[in-house]
Amino acid sequence: MGNRERVGKWLLSVLLWVWTGTLYFFIEVVWKTSHGRPEMISWTMLLLAIILAVPLERFGAELPWEMPLMAQSAVCGVAITVVEFVAGLIINVWLGMGVWDYSAMTGNIMGQVCPQFLVMWVFLAAVGIVMLDWMRYGVEGGERPHYTLFRGRS
């Protein structure tokens, strides 16, 4: 792979991270505004959403097609939850910004993550992986995206 092709692949990944993160941020803004929580909207959420798009896009790009989509999305969901936990410790605990607080939710860890949102991330990751794979395929070509839900190909 030539230097120009490497730069092009890297640039495509960055554009996909920004697009995905921005889309998620706008969905979160609409959600918080419609639920009377506009004070919980912060620029840090846009930055975090872009950062959370990185494992989603990278795992989707690097994990083999033979790996079932639900296994890929479980890996992504866990990675996203770990990143969200670390970001929550920095943003909410260390900097005291109070952007989110899940302490009232069952099973939460330090009010920063909870199992309910881990499950949500797993299912959103499945949608995101497929969406990003098809976007990447539309730009780069290559092998057409194909999936199995729960079992790999024999």
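As a reminder, the structure under discussion sits directly above these lines.
What counts and what doesn't
Residues numbered from 1 in each chain as written. Predicted model: local features only at pLDDT ≥ 70, side-chain atom pairs only at ≥ 80, totals over all residues. Heavy atoms only, no water. Helix = DSSP H or I, 4+ residues; strand = E, 2+ residues; numbered from the N terminus. Buried < 20%, exposed > 50% of the residue type's maximum accessible area, 1.4 Å probe, protein only. Contact = heavy atoms within 4.5 Å. Areas by Shrake-Rupley, 256 points an atom, 1.4 Å probe, with all protein chains shown as cover. Lys, Arg positive; Asp, Glu negative; His and termini not counted. Charge placed at Lys NZ, Arg CZ, Asp CG, Glu CD. Axes fitted to C-alpha atoms, helices over the stretch in contact; angles between N-to-C directions. Left-handed = near helix turned anticlockwise from the far one by under 90°. Nonpolar A, V, L, I, M, F, W, Y, C, P; charged D, E, K, R; others polar. Core = buried A, V, L, I, M, F, W, Y, C linked by side-chain atoms within 4.5 Å. Parallel < 35°, antiparallel > 145°, perpendicular 65-115°, else oblique. Phe/Tyr/Trp six-rings, centres within 6.5 Å; stacked < 30°, edge-to-face > 60°.

(A) Structural view of the overall build of the protein chain. If you tally the helices and strands in the protein chain, you get four helices and zero strands. Its helices and strands in sequence order give the protein chain the pattern α-α-α-α, from N to C terminus. By its C-alpha atoms, the protein chain is 45 × 35 × 30 Å across when sized along the principal axes. Across the 154 residues in the protein chain, those meeting the buried criterion constitute 36%. Put simply, 63% of the contacts in the protein chain that link residues at least 6 apart link residues at least 24 apart. Total accessible area on the protein chain stands at roughly 9,100 Å², and carbon and sulfur atoms take up 71% of it. Averaging the positions of the 10 positive and the 11 negative side-chain charges in the protein chain gives two centres separated by 6 Å.

(B) Fine view of the environment of M40. As for its placement among the helices and strands, M40 is situated in the loop between α1 (3–34) and α2 (43–62). Under the relative-accessibility criterion, M40 is labelled buried at 14%.

(C) Representation of unusual backbone geometry within the structure. Phi at M110 is positive, roughly 55°, even though this residue is not glycine. Following the sequence through the fold, M110 ends up in the loop between α3 (69–94) and α4 (115–140).

(D) Geometry of the packing of α2 against α4. Where α2 meets α4, the axes come as close as 9 Å, and the angle between the chain directions of the two elements is 65°. Handedness of the α2/α4 crossing: right-handed. Contacts from L52, L56, E57, G60 and A61 of α2 reach α4 at W121, A125, G128, I129, L132, D133 and R136. Looking at the contact of α2 with α4 residue by residue, the classes come out as seven nonpolar, two polar and three charged.

(E) Inspection of the nonpolar core at higher detail. Counting residues in hydrophobic clusters, the biggest one holds 24 residues, and the most contacted among them are L56 and W100. Excluding its chain neighbours within four sequence positions, the residues that come into contact with W100 are M40, M45, L48, E84, A87, G88, I91, N92, G111 and Q112.

(F) Seen up close, the packing of α1 against α4. Running from N to C, α1 and α4 cross one another at 140°; their axes reach a closest spacing of 11 Å. Relative to α4, the element α1 lies oblique. Seen along the crossing, α1 lies across α4 with a hand that is right-handed. Residues K9, L12, L16, W19, T20 and Y24 of α1 form the contact with α4, whose own contacting residues are W121, M131, L132, M135, R136, V139 and E140. A per-class count over the contact of α1 with α4 returns nine nonpolar, one polar and three charged.

(G) Summary view of the packing of aromatic side chains. Applying the stated criterion to the full structure yields five aromatic pairs. Look at W65 and Y147: their rings are 5.6 Å apart centre to centre, the planes differ by 75°, and that puts the pair in the edge-to-face class. Here W65 is found in the loop between α2 and α3, whereas its partner Y147 is found in the segment after α4, with 82 residues between them in sequence. Relative accessible area serves as the criterion here: at 17%, W65 is assigned to the buried category. Between W134 and Y137, the aromatic rings sit 5.5 Å apart at their centres with planes inclined by 85°, giving edge-to-face as the arrangement. With W134 and Y137 both in helix α4 and three residues apart, the pair spans about one turn of that helix. Overall, the relative accessible area of 27% leaves Y137 in the partly exposed class.

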